[in-house]
Amino acid sequence: MVDTEPRTKAGAPRPAAKKKQAEAAAAVRPAGGITLRHRLRRDRTLILMTLPAIILLVVFAYIPLAGNVVAFQEYDPYVADNAFQAILQSPWVGLDQFEQMLNDRLFWSALRNTLAIFLIQLTLFFPVPVLLALFINSFVRPRVRAVAQAILYLPHFFSWVLVVTVFQQMFGGAGLIAQTLRDHGHDGIDLMTDPGLFKFLITFEMIWKDAGWGVIVFLAALASVSPDLYEASAMDGANRWRRMWHITLPALRPVVALLLVLQVGNALTVGFEQILLQRTAVGPGASEVLDTYVWNVGITNGGFSYAAAVGIVKGIFGLLLVLAANKVAHLMGEQGVYKK
């Protein structure tokens, strides 16, 4: 084969030819220098491992999104033999369902309860895992740390039925505290049926059940901190509080920012099963949130179109909250859910 590439006298390609070769290689290769075909071959094991999860996500999360079209219809599931034909044959009503939602005082009451519960949980629940992680991290013996983590993490595996039962046995009208007060000549208390305390009650239930999971996450972040930083700061005269302020807390800040963004994204989702189990005891005025409202309107009363409209609005506002919280994380210098 005849080499037509321009070369210097020494036989090496000229600089212009080298530049053209580099540009051609960059055109067919990504920035990392590996083609897509090689990436797929290299990561085929990881792709196969994640494939079942992706299929489940598509089947149970993304495909059902097409059913939101009923929010713009007067959907009647009995107009045809199957749900797909019922969607095609149901009449279109445009934005009537959304207009009804804006004029529904029960919807606004559920929204107020949802936001109130979210703010209480954000204030009382979110700092607890951080404080517990700092406390456990201060233990010297690894065995003590492991036992503390196991005790705190155990309630995470309990169902909400069991959690509510435990609190009922402790704080209910026939619970341990009420019985102890009666045995000593005082009136018993029933915190489980007090509408005014309901929002705080479900927050403490959430703390007892899920704080241990947050502790595991924050302890994993603390494990990545080099012990040399603590030793160097101690040699410079920093006490325990200064080491925590200047080393430990900055190490937790990226994880705190990420979890805070995710928590804000769930602002309109405040525990459907937990609240539904206790809704009868305190009444809908104190316990009705958007999720239980959608359940009652859509499933119990058959208002599928109206419930779908409420669900769409909830999803849009949740997405906007995530984007706003992630933007705040970027302004604070953190990555958040995704990079800039």
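As shown above, the structure is provided for reference.
Let me begin by describing the structure that accompanies this report. (Residues numbered from 1 in each chain as written. Predicted model: local features only at pLDDT ≥ 70, side-chain atom pairs only at ≥ 80, totals over all residues. Heavy atoms only, no water.)

Glancing now at the overall build of the protein. In terms of regular secondary structure, the protein is built from 17 helices and zero strands. Here the protein, with 340 residues, has 31% of them falling under the buried criterion. Looking at the protein alone, contacts between residues at least 24 apart form 61% of all its contacts between residues at least 6 apart. Carbon and sulfur atoms make up 67% of the accessible area of the protein, which totals about 21700 Å². (Helix = DSSP H or I, 4+ residues; strand = E, 2+ residues; numbered from the N terminus. Buried < 20%, exposed > 50% of the residue type's maximum accessible area, 1.4 Å probe, protein only. Contact = heavy atoms within 4.5 Å. Areas by Shrake-Rupley, 256 points an atom, 1.4 Å probe, with all protein chains shown as cover.)

Judged by side-chain polarity, Leu48, Leu51, Ile54, Ile55, Leu56, Leu57, Val58, Val59, Phe60, Tyr62, Ile63 and Leu65 come together as a nonpolar surface patch covering roughly 1200 Å² of accessible area. With respect to the helices and strands, leucine 65 occurs in the loop between α3 (44-62) and α4 (83-89). Given a relative accessible area of 48%, leucine 65 falls into the partly exposed group. (Patch = residues over 30% accessible without salt bridge, like charges linked within 9 Å, V, L, I, M, F, W, Y side chains within 5 Å. Salt bridge = Lys/Arg side-chain N within 4 Å of Asp/Glu carboxyl O.)

Tallied over the full model, the rule gives four salt bridges. In this structure, the salt-bridge partner of aspartate 43 is arginine 42, at a minimum N-O distance of 3.1 Å. A residue is classified by how much of its surface remains accessible, and aspartate 43, at 23% relative accessible area, is partly exposed. Its relative accessible area of 52% is what places arginine 42 among the exposed residues. Put simply, aspartate 291 and lysine 314 hold a salt bridge, and the shortest N to O gap is 2.3 Å. Remark: lysine 314 occurs in helix α17 (residues 304-331) and aspartate 291 occurs in helix α16 (residues 290-300); sequence separation between them is 23 residues.

So, on to the packing of helix α11 (residues 198-223) against helix α14 (residues 272-282). In contact at an axis separation of 12 Å, α11 and α14 are set at 150° when each is read in the N-to-C sense. In the crossing of α11 with α14, the sense of the turn from one axis to the other is right-handed. For the pair α11 and α14, contact is made by Phe198, Leu201, Ile202, Glu205 and Met206 and by Gln274, Ile275, Gln278 and Val282, respectively. (Axes fitted to C-alpha atoms, helices over the stretch in contact; angles between N-to-C directions. Left-handed = near helix turned anticlockwise from the far one by under 90°.)

Within the secondary structure, glutamine 121 sits in helix α6 (residues 105-124). Residues in contact with glutamine 121, not counting those within four places in the same chain, are Phe126, Ile202, Thr203, Met206 and Val270.

Moving on, we come to the side chain of serine 287. Locating serine 287 in the fold gives a position in helix α15 (residues 284-287). Since its relative accessible area comes to 0%, serine 287 is described here as buried. A polar contact is formed between the side chain of serine 287 and the backbone oxygen of glycine 283, at a distance of 2.7 Å. Those residues in contact with serine 287 that lie beyond four places of it in its chain are Asn113, Phe198, Ile275, Arg279, Val282 and Thr292. (Polar contact = N/O pair within 3.5 Å; in protein donor to acceptor, adjacent residues only side chain to side chain.)

Our focus in this paragraph is a negative patch on the surface. A grouping of Glu74, Asp76, Asp96 and Glu99 is seen on the molecular surface, where their side chains present a negatively charged patch. Mapped onto the elements, aspartate 96 comes out in helix α5 (residues 96-102). (Lys, Arg positive; Asp, Glu negative; His and termini not counted. Charge placed at Lys NZ, Arg CZ, Asp CG, Glu CD.)

Within the largest apolar cluster, 20 residues are counted, with the highest numbers of intra-cluster contacts made by Phe98, Met101, Phe107, Leu290, Tyr293, Tyr306 and Val310. At the level of elements, α5, α6, α16 and α17 are the ones that each hand at least two residues to this core. When residues of this core are assigned to their parent elements, the largest contribution, six residues, is made by α17. If we skip the residues at most four places from it in the chain, phenylalanine 98 touches Ala71, Phe72, Ala309, Ile312 and Val313. With 14 residues, the next largest nonpolar core counts Phe126, Val130, Ile136 and Ala221 among its residues. (Core = buried A, V, L, I, M, F, W, Y, C linked by side-chain atoms within 4.5 Å.)

Our next topic: the packing of aromatic side chains. According to the stated counting rule, one finds ten aromatic pairs in the structure shown. Summarising the aromatic geometry, the rings of phenylalanine 158 and tryptophan 208 are spaced 5.9 Å apart at their centres and angled 45° between planes, so their arrangement reads as tilted. In this pair, phenylalanine 158 is assigned in the loop between α8 (142-153) and α9 (160-171) and tryptophan 208 in helix α11, connecting sequence segments 50 residues apart. On the basis of relative accessible area, tryptophan 208 is assigned to the partly exposed category, the value being 34%. Their ring planes at 40° and their centres at 5.6 Å tell us that phenylalanine 167 and phenylalanine 171 sit as a pair that is tilted. Of the two residues, phenylalanine 167 and phenylalanine 171 are both situated in helix α9; the distance of four residues between them amounts to about one turn of the helix. A residue is classified by how much of its surface remains accessible, and phenylalanine 167, at 8% relative accessible area, is buried. On the basis of relative accessible area, phenylalanine 171 is assigned to the partly exposed category, the value being 25%. An aromatic cluster is built from Phe107, Trp108, Tyr293 and Tyr306, whose rings are joined through pairwise contacts. Sitting above the plane of the tryptophan 160 ring, lysine 209 keeps its charged end 5.1 Å from the centroid. (Phe/Tyr/Trp six-rings, centres within 6.5 Å; stacked < 30°, edge-to-face > 60°. Lys NZ or Arg CZ within 6 Å of the ring centre and 35° of its normal.)

Here we take up the environment of alanine 251. Following the sequence through the fold, alanine 251 ends up in helix α13 (residues 240-265). Here alanine 251 falls in the partly exposed class, since its relative accessible area comes to 23%. With sequence-adjacent residues up to four places away left out, alanine 251 is seen in contact with Ala221 and Val225.

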